[in-house]
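# Examination of the molecular architecture
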There are 2 protein chains.
Amino acid sequence: MQARLLLVEDDERIRQALGLALADEGCDVVEAASGEEALGRLGTTPVDVVLLDLMLPGMDGLDVCRTLRDRGDLPIIIVSARTDTADVIEGLEAGADDYVTKPLVASELAARIRALLRRRHGTGEPRRSLRVGDVEIIPDEDVVRRAGREVHLTRTEFRLLVELAAAEGRVVTREELLKRVWGYDYFGDTRLLDVHIRRLRRKVERDPDEPECVVTVRGRGYKAGTPG
Amino acid sequence: MQARLLLVEDDERIRQALGLALADEGCDVVEAASGEEALGRLGTTPVDVVLLDLMLPGMDGLDVCRTLRDRGDLPIIIVSARTDTADVIEGLEAGADDYVTKPLVASELAARIRALLRRRHGTGEPRRSLRVGDVEIIPDEDVVRRAGREVHLTRTEFRLLVELAAAEGRVVTREELLKRVWGYDYFGDTRLLDVHIRRLRRKVERDPDEPECVVTVRGRGYKAGTPG
DNA sequence: GCGGATCGTCAGGTCGTCGTCAGGTGGCGC
DNA sequence: GCGCCACCTGACGACGACCTGACGATCCGC
């Protein structure tokens, strides 16, 4: 799944234990010990879900929840020791998507997280977009944008670009690309790949003669340009 | 709030009591005593949320859940007497958005319904209309308006448009559309879909030769146009 | 029973996409 | 500087996904 979640909990022992358990469930966990710290982290770190304890030092948990809801539509699950109906309703009205009570079972929590992400993106997978320079790739929409403008790619071009983008700047050999995009187990030379790289560059490069996004690594393959 | 919800529960006394309690909370309740009856009602009645008991005569509750999830993204809350973690996880994995255990508190249930609808529509109000560009869809009738003018769609055209609009710009594959609108389980290559897309475009597109609302994604399917 | 509305099928046409090719360009070892 | 080889480039034909108009079947209200 690899959902990235922010765990907001002041008790260090609970936080660490829960963090480890959720990591075991396949989550990428970021921790915060207070509401202020959580809001700070969210400014810099992209996150898919927030797990929010209500008993926090300083800023009240419900206020953190309302603040987050004000700022956007980030999924929020409240984790609390209080089981009263009134508390649950208050939490949900404050903008939480779910309210679970301690003691917690990590596997159930993970299932609830998956359900929430599925609801949000239709698939259970977070809708992440990939970037290469000023080129943004949105797999769900089959759309690529360069500097905000929509660029139409064919199926093959799209998969090629995704493979390169997913490698995050590492070189992807010609053999790997042929295998992953075409399923070829090809030995020897083929111009197939070159042609499609060419067509891709024509569409995504600012200047196709000076490639920045799709860079040739002579004798090995190609790599996505590193924007900084 | 006036969310319309379908209550699936075989025990008549529980069903009536819960139905009344939820009506008090401002819900518009439709009842069904079995999975089969529920699926039948959904074919004719537009509903915002399904409350699904797992202990049903005939068709298994989890199967009902999976079937619903297969057909679309209708919000589902499972209501069950079983409290085991394994049961909860199974329910959520079957496609439910939430899992609450008996005994129930109607006010909490209503709060969870509101949270779910808020997540889905951004406002907490049940969705009574969808938009694609300057096309507005009113699910209660087989009617859409384009730039204020009323356009009449047939049942099939309407469901097609709703499926695309609900995906909010994501690509919906031909297989998905065939399955959700016609109930087909992939029928190889068929022109059925094309024809209805064509007919739909004739009615909702400003210029049917330059589709803006219903966009073809070659090799995958269709998507609702992103206005702006 | 008649007529309109709606639906599914079909055949022919269009056009996007793909793979191949032949010739050109430029880096790199000698 | 020379030649080789990896890669670039534009063009072209084929295939198939999708479009389009037409037709017959079915349903339903009158």
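Cut-off values and rules
Residues numbered from 1 in each chain as written. Chains lettered and ligands numbered in written order. Predicted model: local features only at pLDDT ≥ 70, side-chain atom pairs only at ≥ 80, totals over all residues. Helix = DSSP H or I, 4+ residues; strand = E, 2+ residues; numbered from the N terminus. Rg over C-alpha atoms; globule rule 2.2 N^0.38 Å. Buried ≥ 20, exposed ≤ 12 C-beta atoms within 10 Å, placed from the backbone. Contact = placed C-beta atoms within 7 Å. Near = placed C-beta within 6 Å. Nonpolar A, V, L, I, M, F, W, Y, C, P; charged D, E, K, R; others polar. Pairing = 2+ DSSP bridges. Axes fitted to C-alpha atoms, helices over the stretch in contact; angles between N-to-C directions. UniProt positions renumbered as here; feature names shortened; annotations may be inferred. Expected span 1.5 Å × (residues − 1). Arc of directions from axis to C-beta. Parallel < 35°, antiparallel > 145°, perpendicular 65-115°, else oblique. Left-handed = near helix turned anticlockwise from the far one by under 90°.

- You'll find chain A entered in an unreviewed UniProt entry as Response regulator transcription factor, with Pseudonocardia zijingensis given as the organism.

## Examining the overall build of chain A
- What chain A contains, in helices and strands, is eight helices and 12 strands.
- Scaling as 2.2 N^0.38, a compact globule of 228 residues should have a C-alpha radius of gyration of about 17 Å, whereas chain A reaches 22 Å, well beyond that.
- Taking the principal axes of its C-alpha atoms as reference, chain A extends roughly 70 × 35 × 30 Å.
- A buried classification covers 34% of the 228 residues belonging to chain A.
- Residue pairs in contact within chain A that sit at least 24 positions apart in sequence constitute 55% of those at least 6 positions apart.

## Considerations on the protein's contact with DNA strand D
- Near DNA strand D there are 22 residues, and of these Asp194(A), Thr216(A), Asp194(B), Arg198(B) and Thr216(B) occur at the shortest range.
- Contributions of two or more residues to the surface near DNA strand D are made by helix H8 (192–204) of chain A together with helix H8 (192–204) of chain B.
- Among the residues forming the surface near DNA strand D, the class breakdown is four nonpolar, four polar and 14 charged.

## Topic: the sheet that holds strand E3 (residues 49–53) of chain B
Residue and element names in this part refer to chain B.
- Read across the sheet, five strands follow the order E2-E1-E3-E4-E5 without closing on themselves; strand pairing throughout is parallel. Single-partner strands in this sheet number two, and they are strand E2 (28–32) and strand E5 (98–101). With direction set aside, neighbouring strand axes in the sheet form an average angle of 20°.
- Two elements, strand E4 (residues 76–80) and E5, share four bridges in a ladder whose sense is parallel. Residue pairing in the sheet places Ser80 in a bridge with Thr101 of E5.

## Quick look at the UniProt feature "domain: Response regulatory" (unreviewed entry) in chain A
- Under the present numbering, the feature "domain: Response regulatory" (unreviewed entry) in UniProt falls on residues 4–117 of chain A.
- Secondary structure within residues 4–117 of chain A divides into 48% helix and 21% strand; the distance between the first and last C-alpha atoms comes to 11 Å.

## Let's talk about the protein's contact with DNA strand C
- Near DNA strand C you find 20 residues, and of these Thr154(A), Thr156(A), Thr154(B), Arg155(B) and Thr156(B) are the closest.
- Taken together, the elements giving at least two residues each to the surface near DNA strand C come down to helix H6 (155–166) and H8 of chain A together with helix H6 (155–166) and H8 of chain B.

## Overview of the sheet that holds strand E6 (residues 130–132) of chain B
All names here are of chain B.
- Strand order in the open sheet formed by four strands is E6-E7-E8-E9, and the pairing between neighbours is antiparallel. Looking at which strands have only one partner, the edges of the open sheet turn out to be E6 and strand E9 (149–152). Between one strand axis and the next, the sheet turns by 30° as a mean value, whatever way the strands run.
- Here strand E8 (residues 143–146) pairs with E9 via four bridges, running antiparallel. Bridging across to E9, Arg145 finds its partner in Glu150.
- This element, H6, spans E6, strand E7 (135–138) and E8 of the sheet and lies at about 85° to E6.

## Topic: the interface of chain A and chain B
- The interface of chain A with chain B comprises 21 residues on the first partner and 26 residues on the second.
- Elements with a minimum of two residues in the side of chain A that touches chain B: helix H4 (85–93) and helix H5 (106–121) of chain A.
- Ranked by residues supplied to the side of chain A that touches chain B, first place goes to H5(A) with six residues.
- Residues belonging to the side of chain A that touches chain B are distributed by class as follows: seven nonpolar, three polar and 11 charged.

## Concerning H8(B)
Residue and element names in this part refer to chain B.
- For H8, which comprises 13 residues, the first-to-last C-alpha distance of 19 Å matches the rise-based estimate of 18 Å (1.5 Å per residue) to within 8%.
- Of all the residues in H8, the buried ones are Leu193, Ile197, Leu200 and Val204. On an axial view of H8, the arc spanned by its buried residues comes to 65°, and they lie on one face. Residues of H8 that are exposed and angled more than 90 degrees away from the buried face: Asp194, Val195 and Arg202.

## Remarks on the packing of helix H2 (residues 35–44) of chain A against helix H3 (residues 61–71) of chain A
All names here are of chain A.
- It is at 10 Å that the axes of H2 and H3 come closest, and there the two elements cross at 20°. Here H2 is positioned roughly parallel relative to H3, judged by the angle of their axes. The two elements H2 and H3 meet at a crossing, and its hand is right-handed. Where H2 approaches H3, its residues Gly35, Ala38 and Leu39 are matched on the opposing element by Gly61, Val64 and Thr67.

## Topic: the environment of Leu18(A)
All names here are of chain A.
- Inspection of the secondary structure puts Leu18 in helix H1 (residues 12–24).
- Residue Leu18 is classed as buried on the basis of its 22 C-beta neighbours within 10 Å.
- Those residues in contact with Leu18 that sit more than four places away from it in its chain are Leu7, Glu9, Leu104 and Ala106.

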